[in-house]
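Tertiary structure, described
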Amino acid sequence: MPQKAAALKFVILLGFVSLCADATYEGARSITGAYLQVLGASGTVVGLVAGFGELIGHGLRLAIGYLSDQTRKYWGITTLGYILNTAVVPFLALAGRWEVAAGLMMAERTGKAIRTPPRDALLSHGASQIGRGFGFGLHEAMDQTGAVMGPLAVAAMVYFQGEYRNAFTILIVPAVLGLLVLIVLQFIYPNPGDFEVEIETNQEEKLPRIFWIYLGAVAIIAAGYADFPLIAFHFQKQDIASGQTIPLFYAVAMGVDAIAALIFGYLFDRTGISILIVAAFLSSLFAPLVFLGNTQLALLGIAFWGIGMGAQESILKAAIAGMVPKNKRATAYGIFSTGYGLSWFLGSALMGILYDRSITALIVFSSTTQLLAIPFFVWVKLHVNTSSSLPEAISSQDTV
């Protein structure tokens, strides 16, 4: 029981760090699409910038995950990533051209790439004591609480100051607070791996085959998931929401994300991969509502968008912790993020191009890809119970 209580405290404190970080960069991301439009960017540019930022960020995670497992410097690499992830955000206020803003957006994504694989590996150790679905879900809920607070603060600044530039400066506060807690946390818990008592039957050098099949399903989902900057661009262009209310839409999405993460995490610990099938179906509904509806339907679409994000950011990672031995976990998270980011980039770029030509085609592409992932999840469900303990989950699987 003391070990479980300590693990829960660790997950909560690490979640608070992510809460502060998300308040910082998600607050900025709630208006970057509209900000780029004000600076003269087109829909194609917004789609490319959003997708390319994700490509750089997720692609770098491949090397970072491997480096983390090889050096075991999980805390040091995590801290470096959080510093870069949050430090560049206030400088968006100084961007006079969309090219400069785009560069800063990609720098922020780079920082997130550096800290994510080692952070997820650390989190997986604590979550092993309290239920992986619940642990990752709780972390995501706290993460997204910050993602609600940030856009709300930005919305208030835009309302009172009247322009986007000044809104970025308020985000210095959560950035500094999160870094202070992170520094203290690693002194309290220098070896989170001790939380996880793993009964290893072997230490495979290769990742299990089921991991790669699972990655294919996740890549399909990522390809069809519109990034919020493109959605914000659409809202501003079609007068669905004003510059003052766009951050509120994003806050709603992040709030739904947080609630969905907790619910889906709880259900994952009890039903396994089946809950991802439900999440994929629900997320397939967001595109027609967001891109064809009025303000009310767009708000409903944003809620479905948030449900999908809650699943993607929590239980997708929880499932990996049950497929991969802990000595390869940061590497697995890095590969996972790279595949996810590459698909996100290609999908975002395509959806940006489709937006300028045919919104209907964009909707068909987005919804279809979400539904296409379902058969892959069914296959994974039939071949492995990812909510089971690690040795049973991987012992019968071939490696590639």
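Right, let's walk through the structure included here. (Residues numbered from 1 in each chain as written. Predicted model: local features only at pLDDT ≥ 70, side-chain atom pairs only at ≥ 80, totals over all residues. Heavy atoms only, no water.)

**Observations concerning the nonpolar core**
Note the following rule: By convention a nonpolar core is built from buried Ala, Val, Leu, Ile, Met, Phe, Trp, Tyr and Cys residues, the set being connected through side-chain atoms within 4.5 Å. The rule is simple: take the accessible area with a 1.4 Å probe, protein chains only, and divide by the maximum for that residue type; under 20% is buried, over 50% is exposed, in between is partly exposed. Counting from the N terminus, the helices are the DSSP runs of H or I reaching at least four residues and the strands are the DSSP runs of E reaching at least two. For this analysis, residues touch if any pair of their heavy atoms sits within 4.5 Å.
Membership of the largest hydrophobic core comes to 122 residues, with the highest contact counts inside it found for F10, Y214, I231, F235, F291, W305 and F377. Element by element, the count of residues in this core is highest for helix α1 (residues 2-38), at 12 residues. Among residues more than four places away in sequence, those in contact with W305 are Y225, A226, F228, I231, Y250, A253, M254 and F286.

**With respect to empty space enclosed by the protein**
Under the convention used in this document: Using a 1 Å grid laid over the protein atoms alone, points where a 1.4 Å probe fits but cannot get out form a cavity; open sets with protein on both sides within 12 Å along at least 5 of 7 lines form a pocket; any residue with an atom within 4 Å of a point counts as lining. Grid points are joined across faces, edges and corners, and a volume is the space filled by probe spheres set on the points.
Overall, the coordinates contain five cavities of 30 Å³ or more when judged by the stated rule. Looking at the largest cavity, its volume works out to about 370 Å³. Lining the largest cavity are 32 residues, and of these R109, K112, M309, E313 and K317 sit closest to its centre. For the lining of the largest cavity, the elements supplying multiple residues, two or more each, are α1, α2 (43-71), α4 (98-130), α5 (132-161), α9 (246-271), α12 (295-313) and α14 (329-357). The leading source of residues in the lining of the largest cavity is α4, at seven residues. Approximately 130 Å³ is the volume found for the second largest cavity.

**Structural notes on unusual backbone geometry**
Although it is not a glycine, R72 sits at a positive phi angle of roughly 60°. Looking at the element boundaries, R72 is found in the loop between α2 and α3 (74-87).

**Considerations on helix α15 (residues 359-383)**
Selection rule: To estimate the expected span of a helix, count its residues, drop one, and scale the result by 1.5 Å.
Between the first and last C-alpha of α15 there are 38 Å, a value that for 25 residues agrees with the 36 Å anticipated at 1.5 Å per step. Within the span of α15, buried status applies to L362, I363, S366, S367, T369, Q370, A373, I374, F377 and V380.

**Structural notes on the pattern of salt bridges**
For side chains bearing opposite charge, pairing can occur when the charged atoms are close. Quick note on the threshold: We count a salt bridge whenever a side-chain nitrogen from Lys or Arg sits within 4 Å of a carboxyl oxygen from Asp or Glu.
Enumeration over the complete set of coordinates arrives at three salt bridges. For R119, the salt bridge is made with D120, and the minimal N-O distance between the two is 2.9 Å. Among the ionic pairs, K317 bridges to D120, the shortest N-O distance being 3.2 Å. Of the two residues, K317 is situated in helix α13 (residues 315-321) and D120 in helix α4; the sequence distance between them amounts to 197 residues. With respect to class, K317 is no different from D120; both count as buried.

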